[in-house]
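Given next are the chains, with one letter for each unit.
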Amino acid sequence: MHAPFPAAPAVRLRSGAGTLEVTGLGLPHVRLVRAPGTEPDPLIPIGTRDPALLTLTVDGRPARISPAKGRLSRRSYRVDARVGGTRYRLVPCGDEESRLLRDGRRLGELESTGDGRVTADWDEHAEVLAQDAAVGTALAAAFGTGARPMWETTLDVVSELIP
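**Q** Would you take a moment to explain the overall build of the protein for this structure?
**A** The number of helices and strands found in the protein is two helices and 10 strands. Counted from the first residue to the last, the protein has its helices and strands arranged as β-β-β-β-β-β-β-β-β-β-α-α. Burial statistics for the protein: of 163 residues in total, 40% are counted as buried. Carbon and sulfur atoms make up 52% of the accessible area of the protein, which totals about 8,900 Å².

Okay, structure coming up:
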């Protein structure tokens, strides 16, 4: 792994206020904000998956964020972001972890339970840049990681319907 950033990202998540900041030595400042006055969803750390209610900036420059709706399938919990000409995708790959991709290439796996703490296992063959670490950490902290498989979720729904 090539990692030009000397320290792990620091995350400041204020779920109630709808703000998340990622900072660190050698890292770009990432800020994600939920629209003021919106009612937060308690199951989502940043409070919403609605892209119209979210503003993402990286080092003060606007970026695009597009979280999927988060329904039955793991893939429905993906989060896409575009920072300049770079595309990021965070997509669940297990019950607790999500894979971070940059322009379709795997960078590593991140894990966060929604409390603002993020652990990363970077792929030893990937060139992980400071922006990758900062943006990936922000996405994982804001939306959590992992998702149960669709068959397990479906089984739970069916079992609730059977008396």
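After that view of the structure, there is still more to cover.
**Q** Before we go on, may I ask you to explain the nonpolar core in this structure?
**A** The nonpolar side chains of a soluble globular protein tend to be buried, and buried together. Counting 33 residues, the largest nonpolar core has L20, V30, L32, I46, I65, L139 and F143 as the members making the most contacts within it. Counting only elements with at least two residues in this core, the list comes to strand 2 (19-23), strand 3 (30-34), strand 4 (54-58), strand 5 (61-67), strand 6 (79-83), strand 7 (86-92), strand 9 (105-111) and helix 1 (130-143). By residue number, the principal contributor to this core is helix 1, which donates 10 residues. Excluding anything up to four places from it in sequence, I46 contacts S15, G18, T19, L20, L32, R34, L54, A142 and F143.

**Q** Where do I start with the sheet that holds strand 6 in this structure?
**A** Taken in spatial order, the 10 strands make up an open sheet running 1-2-3-4-5-6-7-8-9-10, and their pairing is antiparallel. Two strands lie at the open edges of the sheet, namely strand 1 (10-14) and strand 10 (119-122), each paired on one side alone. Along the sheet, successive strands turn relative to each other by an average axial angle of 20°, direction set aside. With six bridges connecting them, strand 8 (residues 97-102) and strand 9 associate as antiparallel partners. By the bridge assignment, R99 is partnered in strand 9 with E109. The strands touched by helix 1 are strand 1, strand 2, strand 3, strand 4, strand 5, strand 6, strand 7, strand 8, strand 9 and strand 10; relative to strand 7, the strand with the most contacts, the crossing angle is about 40°.

**Q** Can you walk me through the pattern of salt bridges in this structure?
**A** Where charged atoms from two side chains of opposite charge come close, those side chains can pair. Scanning the model with the defined rule gives eight salt bridges in all. For R31, the salt bridge identified is with E21, shortest N-O distance 3.3 Å. On the criterion of sequence distance, the pair formed by R31 in strand 3 and E21 in strand 2 is long-range, its members being 10 residues apart. Relative accessible area serves as the criterion here: at 31%, R31 is assigned to the partly exposed category. Take E21: its relative accessible area is 22%, and that puts it in the partly exposed class.

**Q** I would appreciate a short explanation of the environment of G47 in the present structure.
**A** With respect to the element layout, G47 can be found in the loop between strand 3 and strand 4. When neighbours within four sequence positions are excluded, G47 is seen to be in contact with R34, E39, P40 and D41.

**Q** Help me understand the confidence of the model for the protein in this model?
**A** Note: predicted coordinates in regions of low pLDDT should not be interpreted at a detailed level. Residue-level pLDDT values for the protein average 87, and 82% of them are 70 or greater. Counted against residues more than four places away or in other chains, residues 149-157, with its pLDDT under 50, gives seven contacts.

Thresholds applied
- Residues numbered from 1 in each chain as written.
- Predicted model: local features only at pLDDT ≥ 70, side-chain atom pairs only at ≥ 80, totals over all residues.
- Heavy atoms only, no water.
- Helix = DSSP H or I, 4+ residues; strand = E, 2+ residues; numbered from the N terminus.
- Buried < 20%, exposed > 50% of the residue type's maximum accessible area, 1.4 Å probe, protein only.
- Areas by Shrake-Rupley, 256 points an atom, 1.4 Å probe, with all protein chains shown as cover.
- Core = buried A, V, L, I, M, F, W, Y, C linked by side-chain atoms within 4.5 Å.
- Contact = heavy atoms within 4.5 Å.
- Pairing = 2+ DSSP bridges.
- Axes fitted to C-alpha atoms, helices over the stretch in contact; angles between N-to-C directions.
- Salt bridge = Lys/Arg side-chain N within 4 Å of Asp/Glu carboxyl O.
- pLDDT = per-residue confidence, 0-100.

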